Amino acid sequence: MYKIIHKQLIAENIKKIDITAPMMAGRAQPGQFVMVTPVKGEHNIPMTIIDSDERRSMISLLVHERGPATRKLGELSIGESVHQMVGPLGKPAEIDKYGIVICVATGIGAAQILPICRGLKKKGNKVIGIVGAKSKKVLMLEAQMRVVCDEIFITTNDGSYERKGLATGLLKELLTKYNVQRVYAIGSVDMMQAAAQMTREKGTPLRVTLNPYMVNGLGQCGSCRVKVDGAYRLACVEGPEFDGHKVDYQDLSQRMNALEPRLWDAQAAPASLKRPGFAIFGKSLWGSTKK
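A few points on the structure. (Residues numbered from 1 in each chain as written. Predicted model: local features only at pLDDT ≥ 70, side-chain atom pairs only at ≥ 80, totals over all residues. Heavy atoms only, no water.)

## Notes on the sheet that holds strand β10 (residues 126-133)
Stated precisely, the cut-off is as follows: A strand pair is defined by DSSP finding two or more bridges across the two strands. Counting from the N terminus, the helices are DSSP H or I runs at least four residues long and the strands are E runs at least two residues long.
One open sheet accounts for seven strands, arranged β12-β11-β10-β9-β13-β14-β17; its pairing is mixed. Among the strands making up the open sheet, the edge pair consists of β12 (163-164) and β17 (241-243). Examined bridge by bridge, strand β9 (residues 100-106) and β10 share seven bridges and lie parallel to one another. Looking across to β10, one finds that Ala 105 is bridged to Val 131.

What follows is the structure, encoded as structure tokens:
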């Protein structure tokens, strides 16, 4: 049913895949995701919908091949189908006409920020994009971001492409240069926390997309709990986007670090045959973002 109709290598170990999904293509909105079970017996993977085309009945996903499950998904050939896919899940991102908007993303977060930029542009905003990567070798979706942004800035940690440094350094400069009405940030906990401090000082609203570990994306397990405005919320059904000034980043960091030593993608037991793909923990694709 969910047949792969196109594959493209985007960066090192990262592939873009287009999958037929008629029901999802017509309903997917920026900020939403799907849970994908690549093959029978493997666990499910939460993946952002980076594009959807209702006319062609397809959605596009970005696969970061890090462990057995994501490698199996990336190894599927054109014409093959994924075993199971559920979605679209999560609440859509808050998108309206605000004025000048900065969208900053690091690592695989570029996949999540792309549809948000596209949605903001359609609403008539001036969209300024910042994409950060460790090096040019792992930079992704630059061409697509240039299409949906009025201005775009690229930073690499090692200086191998465009500006050397961190995305947060450039964000600080642009917040001073422009009268920014809103900021969207997706990336590592450190990056989002730094963005929260900068925007709070400027009185600029901030939206962040959180990437905790998920089991099924349906709010049934509580594995994706995040602390927002003093209360725990489920990122899968109440997010994944939240007010960036209300997120408890220390709590989020502790939760992410507590799970980091466990290679869920490599150590998890086979999924239940009664509910394939929905019985065990999987490491989120989007949880791999780095500052």
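Structure shown, so let's carry the discussion forward.
## Description of the sheet that holds strand β4 (residues 45-48)
Strand pairing in a sheet takes place through backbone hydrogen bonds and is either antiparallel or parallel in direction. What counts, and what does not: Note on geometry: axes are lines fitted to C-alpha atoms, helical ones only across the stretch in contact, with angles between N-to-C directions running from 0 to 180 degrees.
The strand order across the open sheet formed by three strands is β4-β3-β8, and the pairing between neighbours is antiparallel. For this open sheet the edge positions go to β4 and β8 (84-89), each flanked by a neighbour on one side alone. Sheet twist, expressed as the mean angle between neighbouring strand axes with direction ignored, is 25 degrees. As judged from the four bridges shared by strand β3 (residues 33-37) and β4, these two strands associate in the antiparallel manner. Residue pairing in the sheet places Val 36 in a bridge with Ile 45 of β4.

## Some points on the pattern of salt bridges
So the rule is basically this: The salt bridge definition used is simple: a Lys or Arg side-chain nitrogen within 4 Å of an Asp or Glu carboxyl oxygen. Summary of the burial criterion: residues with accessible area below 20% of their type's maximum are buried, those above 50% are exposed, and those between are partly exposed, where the area comes from a 1.4 Å probe applied to protein chains only.
On inspection of all chains with the given rule, the structure shows 12 salt bridges. We note a salt bridge from Arg 182 to Glu 94, for which the minimum N-O separation is 3.2 Å. Of this pair, Arg 182 sits in strand β13 (residues 182-186) while Glu 94 sits in the loop between β8 and β9, placing them 88 residues apart in sequence. Judged by relative accessible area, Arg 182 falls into the buried class, the value being 12%. On the basis of relative accessible area, Glu 94 is assigned to the partly exposed category, the value being 37%. One salt bridge connects Lys 126 with Glu 151, and the closest N-O pair in it is separated by 3.2 Å. Here Lys 126, found in strand β10, pairs with Glu 151, found in strand β11 (residues 151-156); they are 25 residues apart in sequence, far enough to count as distant.

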